[in-house]
Amino acid sequence: MVEKMISRSVRLMFVGGVAVGALAQPVMAQEEAASSTQRIEITGSSIKRIAKEGALPVQTLTAEDIKKSGATSVTELMQNLPAMQGFVPAASSINTGGGGGTTAALHSMQSKYTLVLLDGQRMAPALQGNTAGGGFSVNLESIPLDAIERVEILTDGASATYGSDAIAGVVNFITKKNKTDGNAFFNYNVPQHPGGRSYSAGLSKGWGDLDTDGFNVLASYSHDYEGSIRASQRDFSKAGGIINFNSNGQAYRYLGTSSNNEPGNLFIPTVPKGAAQTKGTQTVYTVSPYYTKNGNCGNPYSNFLTTPAGPGAAAGGYCNFNFASFVEDNPSTVRDSGLLKGTLKINDDTTAWAELIMSTVDVKAQFAPPSQPLAIGPGKYTNLYNNYVLPFLAANNLDLYNPSGSKSPVKMGYRPIATGGRADDYNTNAQHFAMGIDGLVSGWNYKASLTLSRSTVKDYSAGGFLDAEKFNALVGAGSVDPLGGSSGSALQPALLNGTLFSTTVSDMNTAHVGAQHDWFDLPGGTSIISMGADYSTQHYSTNYSDLLLYGNGLQGSENLTNFPLGGSYGAAPFDAKRNNYGVYGELLLPITKTLEATISGRYDSFGRTHSEQVYSSTVDPVSGVQPKLAAADLGNTFSAATYKLSFRWTPQETLLFRGAYGTGFKAPAISDLAGAVSYGGSSNSFPCPLPGSPNCLPGSSQYDLLTGGNGLSGDGGLKPEKSTQWTLGFRVDPLKGLSLGLDLWNVTIKNQVLSSGIAQQVAFSNPAVYKNLFVDGYVDAVSGATIALQQFPLNGGVAHYQGIDWDTSYRTATPIGNLSTSFTGTYMMKQDYTLSPGGTVNSDLGQFGADQAVVFRIQMHLGASLQTGKFTNALSANYKSGYRDVAYTADSGVYLVKADGSLGATTAFAGLKVPSYTTFDWQGKYDYSKTISVTAGIRNLFDRAPPLSLQPSVVGNAAGYDPRYADVYGRALYVRGNYKF
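Predicted model only: the values in this text are computed from it and were never measured. (Residues numbered from 1 in each chain as written. Predicted model: local features only at pLDDT ≥ 70, side-chain atom pairs only at ≥ 80, totals over all residues. Heavy atoms only, no water.)

1. Here's the deal with the packing of aromatic side chains
Applying the stated rule across the entire model yields 38 aromatic pairs. Taking the centre distance of 6.3 Å and the plane angle of 70° together, the rings of Tyr301 and Phe321 count as edge-to-face. With a gap of 20 residues between them, Tyr301 in the loop between helix 5 (289-294) and strand 18 (302-307) and Phe321 in strand 19 (residues 316-321) connect regions that are remote in the sequence. Against the face of Phe856 rests Lys880, its NZ or CZ located 6.0 Å from the ring centre. Across the ring face of Phe185, the terminal group of Arg976 is positioned such that the distance to the ring centre comes to 4.4 Å. (Phe/Tyr/Trp six-rings, centres within 6.5 Å; stacked < 30°, edge-to-face > 60°. Helix = DSSP H or I, 4+ residues; strand = E, 2+ residues; numbered from the N terminus. Lys NZ or Arg CZ within 6 Å of the ring centre and 35° of its normal.)

So, in structure tokens, the structure goes:
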């Protein structure tokens, strides 16, 4: 009911706002800042102009706005904005490939469509992999919040100005400049519940006034720490993957658990004694030797599931481990960052500048103990085979089903719980250096800049992972029995703590030149023309340790014998680069005193991707490996011209109409084009996609995923993405202090590149539709023959996004102080996409969609601030509408619960109705003097817990809630002290 009322009010706001503007009497125009006529550059345009409301919807967060938000990091500041959906959260680093990074994403479009700039310059992006649809985007964690003066957010496509990857919009972080004072601060945050404590401290100082001294130097440093939150420390997550719930009067139990357990389970394919080894006649038995002997699962985190009886043997069963109870809800983070910025006024017309930003971010993310299916047989783990498999076969008058007679088909589902949770330590070092010169020559304002940006991420083992060779030696010596009981301290010699797993380096270097000039006179004033060009090089490489290269099937790795037990082995090295250039032009036309138009156009050209790591797609019949080939250029070249038309009409001083129409273009990422085939396990358990296959596992189990690039050229290669977008909006100031704004926007993307192919949840839920993507009998180096899903990049169909952004504010003086209010939000009207040209139309709008994401129909923020003398109090509310949660098919994790509380049969389930989610924040500030201020606040004032969700561990192995959409901290108190000098 509430959502319907909000929806109706949003629709009426447009009509009502126009009516108010038409009836309102003219009032004084908004004051220009300090009545200055100095031209500045606004995000979304290459033309410097007098600052005022423009033709494009640009939201600005000032330094005061940032302080009032209570945010302690750029990630927290950005991801709480109503226009942000679809980003990579911090929890993605917990076993989901986030790599210690977070991103920005506008209007539910993937992060790769939102361009993040620092002082208008590009930064080295990070590969997001499958955490947000693939592609590259800037890691927000590497941007120091204390160095930011303001943030400008363009919520409209800007490809015609900035080039590729600005289809959804632009976020421009603008650092402090020309500061002569000093500032020191300390911030401390204490959640009411255990875990998650954080603090930050920083110092900044400027020297020299640019206008009077001819120079300015600014230095800033900050240190931030945030503690982790374990699933066991929050009521909504401590149950892990065993969740009891009710829907429509029926009791259910969700089991998001794993058949990899300690003590381990056996999966034995059999035929009756003496029977022929004929495909389709085999029966796979599940056996838990420890349960059979002791009547329990050996640890308090597992439950026993029975499996149906087959011919020739009694019913079996296995112990399922509740892995989600071991994970973290949020990782720990330590950040050190600094800014050094210098500006020199060479003469009245020329200014040179340079800035260096460096940051080190250390993110430690812990998830469940190692999960590792292992093949056992006469030649591997022989003692286990003799002690457990052979007696079972003999007791039940069975033969092992093994028609090939080669590798043993017996699997052991094992998880060494005694080693503790696996943990990755992601250490990110970011360096961003930019220098340039701005000046005036013969009436032309020019600027030239050079940006050198690098991000280096190192992934270290920080706990839980085991050295496979040392583990095998312990099992062979009888010191460790994975099937007989807990291994305890006996596994300690095999731990891999402190081992460097991988090093990833991302470079983005850009040279830019641009100029603008007043051109010819029009009735509304002088037109302005701007033109420029830029040239960029991107280089991305990942080097893996031998442990992670093991089993990748590539030449050069064939003699490797060791891997991290429970880790991602079979990785392929990556080293690729690409150059691109663009030229652009923009023309501002003041047609009349009240109407101006802007025309902009751009041409971009991307070269082929050059890869140093190229391998044959076929296996050499002699060596059994994929031969390494010479370095080569892969994929196609990509080029396109884009344009944008926009207008701004002010029939009254208090009423503005604006609109824009443009096209966009995005080349496939270099990781979409380069990269050898590598494999890893699915992040969740699924029913067998190919029933009847000898490689099926009982119940819901984990299978392999195959990833790599699509380096084909010509028609078989990837196509660039093309987009069209338009906006239409208004802003009206009907009363002094009151401002209302609304923008209707629409984006259509064709040939959308699915960097991670078809999502595993989609493919495994519709195996008949995606049968051609499954490989039956894929052999990986550890698990042996299995079923694998191919997830290679492909061009999908068409995606549509449409919605309304609104922004209202009111300022007035009251008898008790100055009151400021704001109401901002986004109402999504459309979001749909196809996974192939002409395919089925899918949507995430108000529901858990085919790509495992949710798009909220409404996100909004309401804030009020009252300044009374030296005191300022602020109260704000953040709202997300409800949605329909993921649906489950039969045999996929949802069970009926009988009246006596016992577990019934598995069942199909249409999905929970996840309710809307609202949190309130309060902040109080006291200005003791002009130099000292103290701020205190409470986030999530009413301690609202995340609503129940059965999302299948899409992010962070979480269960019981969705970490992408809710606050895991709960009520938290923070205090901040500020000292200016």
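2. As for the pairing of strand 21 (residues 332-347)
Sheet analysis places strand 12 (residues 215-226) next to strand 21, joined by twelve bridges and oriented antiparallel. Counted as the bridge partner of Ser220 is Leu339 from strand 21. Where strand 21 meets strand 22 (residues 350-366), 15 bridges bridge the pair, whose relative direction is antiparallel. Counterpart to Lys345 in the pairing with strand 22 is Thr351. Counting the residues that bridge the hairpin from strand 21 to strand 22 gives two residues. (Pairing = 2+ DSSP bridges.)

3. What about the state of the cysteines?
The tally for this structure, following the rule as stated, stands at two disulfides. One disulfide in the model links Cys297 with Cys319; its S-S distance is 2.2 Å. Taking the sign of the S-S torsion, about -90° here, the bridge from Cys297 to Cys319 comes out left-handed. With Cys297 in the loop between helix 5 and strand 18 and Cys319 in strand 19, this residue pair connects regions lying 22 residues apart in the sequence. Of the residues examined, Cys297 reaches a relative accessible area of 7% and is grouped as buried. One disulfide bridge connects Cys688 with Cys696, the sulfur atoms lying 1.9 Å from each other. Across the S-S bond linking Cys688 and Cys696, the dihedral sits near -60°, which makes this disulfide left-handed. Both residues of the pair, Cys688 and Cys696, count as buried. (Disulfide = S-S within 2.5 Å. Buried < 20%, exposed > 50% of the residue type's maximum accessible area, 1.4 Å probe, protein only.)

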